[in-house]
Amino acid sequence: MFWVGDSLNNRVIKNAGWIIGCKIMQSLINLVIGLITARYLGPSNYGVINYVASVVAFALPIMQLGLNHTLVKEFVNSPKREGEILGTALFVNILSSFFCMAGSIIFIAIANAGEKKTILVCILYSLTLLFQATEMTQYWFQSKLLSKYPSIASLGAYVVVAIYKIFLLMTQKSIIWFALSNVLDYFLISIILMIIYIKLGNKKLTINWSFGREMLSRSKYYIIPSLMVMIFQHTDRIMLKLMVNETETGLYSAAITCIGISSFVFAAVIDSARPTILEVKDKDQAVYEKRVTQLYSIITFMSLSQSIVMTVLAKPLVYFLFGSEYVKSAGILAVAVWFVTFSYYGSVRNVWILAEGKQKYLTGINVAGAVANVAFNFLLIPYWGAIGAAVASLVTQFFTNVIIGFIFKPIRRNNYLMVKSLNPRILIDLAGTIIHRK
């Protein structure tokens, strides 16, 4: 791909191929079953599920303690200590997951007092935090360019969950049963990955508190920034539920689901690029910046293509996927899809920040973004409802991932690479290189 020309090329392409191939199958299964489920539940119950999911998502960065951003680098830098790294990370994440589960349930119980259905859905859904904590093993596979294993594990889990959801649909089960589906998904993935690691890993899992403190000293800079990211990714659904109703939340969630159909492709490209960018950083600055620029270029033109297509086809797309009950989601989709480019700019910027060791600046960046998002939602939702939430998300992503980079000098170099990537010649040259090599 964009790292064509070095010795890691074949391994990286194969790694990305496994991720993308399995994710395509996984996404298709999830899309079909998810759309049928959304039709069955209707906008109101679908809104409840997404509202609870957003509340639980707030707890995720606290549970992960920033380690999800730094574990790949820890494995790359200290391969002989991988048993200590993974064992310690798993233990502290599992411990923190229990506190985060309790926090999510308490919030829902207070904010939605008397709504027994919503509270029960939260209790069940919050169990995903425990199994997401044990899923941290995936970062060891990423660092070894062995993503085929977590990809296959995820695909297998999705097949099982799809069968489970088909059973629920056939037997006309309530929303409570659907809340368990995500728990089952993460449970299966975490168990499968752990079994594979035990077979492939060379180091026994151990807990080293001293080394754990060292890791947390490096990862702590990501906790608040990641929490802020969750705020401006999920505040819209929470505020829509609390300020309007669950039906409006369901309509907005349907639009966001349409946008997320292709998210696995963006995630696969970025995840595959991360270890190679980190590895070459201290070896060749020119190659390092070239890779970052090419990554930005791919993300830019992929996301813009998606935005144009979805804007033009918003109404027929929503009607085809979700049915007539969700037709109002078309207008929301036509606006919201344009924040995709700026959202993934943030993901690429975070790779650059990790490589440069500038993690401490993430806090200020994302706090500013979170405050802006809450403010825009507060101002626009009362007047425009879900459309207002979409506009708030668009403005927030642009402000956080583009404008702040020009204002804030320590990360201005990243914005230079971002702007440089807008030259179509970069993508054309990259495509030509790939074709020539074939």
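Residues numbered from 1 in each chain as written. Predicted model: local features only at pLDDT ≥ 70, side-chain atom pairs only at ≥ 80, totals over all residues. Heavy atoms only, no water.

**Quick look at the overall build of the chain**
- Assigned secondary structure in the chain consists of 20 helices and zero strands.
- Here the chain has a C-alpha radius of gyration of 21 Å; the compact-globule value for 438 residues is 22 Å, and the two agree.
- Taken over the C-alpha atoms alone, the chain extends approximately 55 × 50 × 40 Å along its principal axes.
- Across the 438 residues that make up the chain, the buried fraction comes to 54%.
- Taking contacts inside the chain between residues at least 6 apart in sequence as the whole, the part at least 24 apart equals 83%. (Helix = DSSP H or I, 4+ residues; strand = E, 2+ residues; numbered from the N terminus. Rg over C-alpha atoms; globule rule 2.2 N^0.38 Å. Buried < 20%, exposed > 50% of the residue type's maximum accessible area, 1.4 Å probe, protein only. Contact = heavy atoms within 4.5 Å.)

**Thoughts on unusual backbone geometry**
- For Leu 65, which is not a glycine, the phi torsion comes out positive at approximately 55 degrees.
- Inspection of the secondary structure assignment puts Leu 65 in the loop between helix H1 (9-64) and helix H2 (67-77).
- By relative accessible area, Leu 65 is classed as buried at 18%.
- A positive phi is found at Gln 172, a non-glycine position, where the angle reads about 55 degrees.
- For Gln 172, the position within the fold is in the loop between helix H7 (148-170) and helix H8 (175-200).

**Considerations on the side chain of Ser 343**
- When you line up the elements, Ser 343 lands in helix H16 (residues 340-356).
- Setting aside residues up to four positions removed in sequence, Ser 343 forms contacts with Gln 397 and Asn 401.

**Re the packing of H7 against H8**
- In the contact formed by H7 and H8, the axes pass within 9 Å of each other and the chain directions differ by 155 degrees. Between H7 and H8, the angle is such that the two are roughly antiparallel. Judged by the twist between their axes, the crossing of H7 over H8 is right-handed. Every residue of H8 that contacts H7 at Tyr 149, Pro 150, Ala 153, Ser 154, Ala 157, Tyr 158, Val 160, Val 161, Tyr 164, Lys 165, Leu 168 and Leu 169 is listed here: Trp 177, Phe 178, Leu 180, Ser 181, Leu 184, Asp 185, Leu 188, Ile 189, Ile 192, Leu 193, Ile 196 and Leu 200. (Axes fitted to C-alpha atoms, helices over the stretch in contact; angles between N-to-C directions. Parallel < 35°, antiparallel > 145°, perpendicular 65-115°, else oblique. Left-handed = near helix turned anticlockwise from the far one by under 90°.)

**Structural notes on the nonpolar core**
- Counting 84 residues, the largest nonpolar core has Leu 71, Tyr 252, Leu 295, Phe 322, Tyr 326 and Leu 333 as its most contacted members.
- Among the elements that make up this core, the one with the highest residue count is H16 (ten residues).
- Filtering out sequence-adjacent residues up to four positions away, Phe 322 remains in contact with Leu 35, Ala 38, Arg 39, Tyr 46, Ala 254, Thr 257 and Cys 258.
- The next biggest cluster of nonpolar side chains, apart from the first, holds 33 residues, and it includes Val 52, Met 63, Leu 129 and Ile 238. (Core = buried A, V, L, I, M, F, W, Y, C linked by side-chain atoms within 4.5 Å.)

**Observations concerning the packing of aromatic side chains**
- Per the stated rule, a full pass over the model turns up eleven aromatic pairs.
- Pairing Tyr 40 with Phe 178 gives two aromatic rings, centres 5.7 Å apart and planes at 40 degrees, and the pair type is tilted. A residue pair is termed long-range when its members are at least 10 positions apart, and Tyr 40 in helix H1 and Phe 178 in helix H8 qualify at 138 residues.
- A connected cluster of aromatic rings, assembled from ring pairs, spans Tyr 296, Phe 342, Tyr 345 and Phe 398. (Phe/Tyr/Trp six-rings, centres within 6.5 Å; stacked < 30°, edge-to-face > 60°.)

**Quick look at the pattern of salt bridges**
- For the coordinates displayed, the defined rule picks out six salt bridges.
- Between Glu 279 and Lys 283 there is a salt bridge, and its shortest N-O distance comes to 3.8 Å.
- Taking the relative accessible area as the measure of exposure, Glu 279 reaches 36% and is therefore partly exposed.
- A relative accessible area of 63% means that Lys 283 is categorised as exposed. (Salt bridge = Lys/Arg side-chain N within 4 Å of Asp/Glu carboxyl O.)

**Here's the deal with the confidence of the model for the chain**
- Here the chain averages 84 in pLDDT, while 92% of its residues score no lower than 70.
- At the low end of the mean pLDDT range in the chain sits helix H20 (residues 424-437), at 66; at the high end sits helix H15 (residues 329-336), at 93.
- Below pLDDT 50 for its whole length, residues 1-8 participates in 30 contacts with residues either more than four positions away or in separate chains. (pLDDT = per-residue confidence, 0-100.)

**Things to note about a nonpolar patch on the surface**
- A contiguous nonpolar surface patch, about 650 Å² in accessible area, is contributed by Phe 91, Leu 95, Phe 98, Phe 99, Ile 207 and Trp 209.
- A per-element tally of the nonpolar patch places helix H3 (residues 82-111) first, with four residues.
- Relative to the helices and strands, Phe 91 is located in helix H3. (Patch = residues over 30% accessible without salt bridge, like charges linked within 9 Å, V, L, I, M, F, W, Y side chains within 5 Å. Areas by Shrake-Rupley, 256 points an atom, 1.4 Å probe, with all protein chains shown as cover.)

**Some remarks on the environment of Ser 305**
- Within the element layout of this structure, Ser 305 appears in helix H13 (residues 285-312).
- Residue Ser 305 is classed as partly exposed on the basis of its relative accessible area of 43%.
- Spatially, the C-alpha atom of Ser 305 lies 20 Å from that of Leu 31, the residues being 274 residues apart in sequence.

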